[in-house]
Amino acid sequence: MDFNKEEILAKCNAICENTLMETLEIVYTDVGDDFLEAKMPVNHRVHQPDGVLHGGAMVALAESVGSAASMVFLNSKDFFIRGIEISANHVKSVKEGDVYARATVLHKGRTTQLWNIQIRDGNENLISVVKLTTIALPKK
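Please read all numbers here as calculations on a predicted model, not as lab measurements.

### A closer look at the environment of Gly-109
Position of Gly-109 among the secondary structure elements: in the loop between strand S4 (97–108) and strand S5 (112–121). Sequence spacing of Gly-109 and Leu-132 is 23 residues, and the spatial spacing of their C-alpha atoms is 14 Å.

As structure tokens, this is what we get:
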């Protein structure tokens, strides 16, 4: 894939203004030929009542990075991208620091795309594994 990494990350981060991604402080940090990565801080804003990262916040991070990856790797000028199914397995809890979500394509069809998203902490510990299916809907 021929691309400008800094330009792609700047575009991904620019579309976050006034969205859930901005509320959760999600920042896109890296992109490659077949992946997009984002980070999210773990603090009181995304904790569940007992002080650990809320599973819903992890799912929001995963869907955000997977949907953005679909936009990056498809012709998003011609399509709206929507998540149509998501499944998450949370395997470890986190109380503080940052978590990093990396979306890697498993299937890149013209209509549907399947993403594997792994969420890890700053020490590379696996926190959650998410499968996301997105759909590309033609803009009319």
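### Considering the UniProt feature "domain: Thioesterase" (unreviewed entry) in the protein chain
The sites that UniProt annotates as "domain: Thioesterase" (unreviewed entry) are residues 51–126. In this annotation, residues 51–126 is assigned 25% helix and 46% strand; the end-to-end C-alpha distance for the span is 19 Å.

### Thoughts on the sheet that holds strand S3 (residues 79–90)
With antiparallel pairing, six strands are arranged side by side in an open sheet as S1-S2-S4-S5-S6-S3. One side of each edge strand has no neighbouring strand; the edge strands of this open sheet are strand S1 (27–31) and S3. The sheet shows a mean angle of 25° between the axes of neighbouring strands, direction not considered. Along the sheet face, helix H1 (residues 5–14) touches S1 and strand S2 (35–42) and points at about 155° away from the line of S1.

### Details of the environment of Thr-29
You can see Thr-29 is positioned in strand S1. The class of Thr-29 is partly exposed, set by a relative accessible area of 29%. For Thr-29, the contacting residues outside a window of four places in its chain are Leu-9, Glu-37, Ala-38 and Lys-39.

### With respect to the side chain of Gln-113
With respect to the helices, strands and loops of the structure, Gln-113 is situated in strand S5. Among the polar contacts listed, one links the side chain of Gln-113 to the backbone oxygen of Thr-111, at a separation of 3.3 Å. At 2.7 Å, the side chain of Gln-113 and the side chain of Thr-134 are in polar contact. Leaving out residues up to four positions away in the same chain, Gln-113 has contacts with Ser-70, Leu-74, His-107, Lys-108, Leu-132, Thr-133, Thr-134, Ile-135 and Ala-136.

### Topic: helix H3 (residues 55–73)
An α-helical turn contains 3.6 residues, so a residue and the one three or four places further along point in the same direction. End to end, H3 covers 27 Å across 19 residues, agreeing with the expected 27 Å (1.5 Å per residue, within 8%). With 15 of 19 residues buried, H3 is to be regarded as a mostly interior element.

### Details of the pattern of salt bridges
A full pass over the atoms with the stated rule returns four salt bridges. Of the charged contacts in the structure, one is a salt bridge between Asp-30 and Lys-5, with a shortest N-O distance of 2.7 Å. With a gap of 25 residues between them, Asp-30 in strand S1 and Lys-5 in helix H1 connect regions that are remote in the sequence. We note a salt bridge from Arg-45 to Glu-25, for which the minimum N-O separation is 2.8 Å. Remark: Glu-25 occurs in the loop between helix H2 (20–23) and S1 and Arg-45 occurs in the loop between S2 and H3; sequence separation between them is 20 residues. Classification of Arg-45 by relative accessible area gives partly exposed; the value is 45%.

What counts, and at which threshold
- Residues numbered from 1 in each chain as written.
- Predicted model: local features only at pLDDT ≥ 70, side-chain atom pairs only at ≥ 80, totals over all residues.
- Heavy atoms only, no water.
- Helix = DSSP H or I, 4+ residues; strand = E, 2+ residues; numbered from the N terminus.
- UniProt positions renumbered as here; feature names shortened; annotations may be inferred.
- Pairing = 2+ DSSP bridges.
- Axes fitted to C-alpha atoms, helices over the stretch in contact; angles between N-to-C directions.
- Contact = heavy atoms within 4.5 Å.
- Buried < 20%, exposed > 50% of the residue type's maximum accessible area, 1.4 Å probe, protein only.
- Polar contact = N/O pair within 3.5 Å; in protein donor to acceptor, adjacent residues only side chain to side chain.
- Expected span 1.5 Å × (residues − 1).
- Salt bridge = Lys/Arg side-chain N within 4 Å of Asp/Glu carboxyl O.

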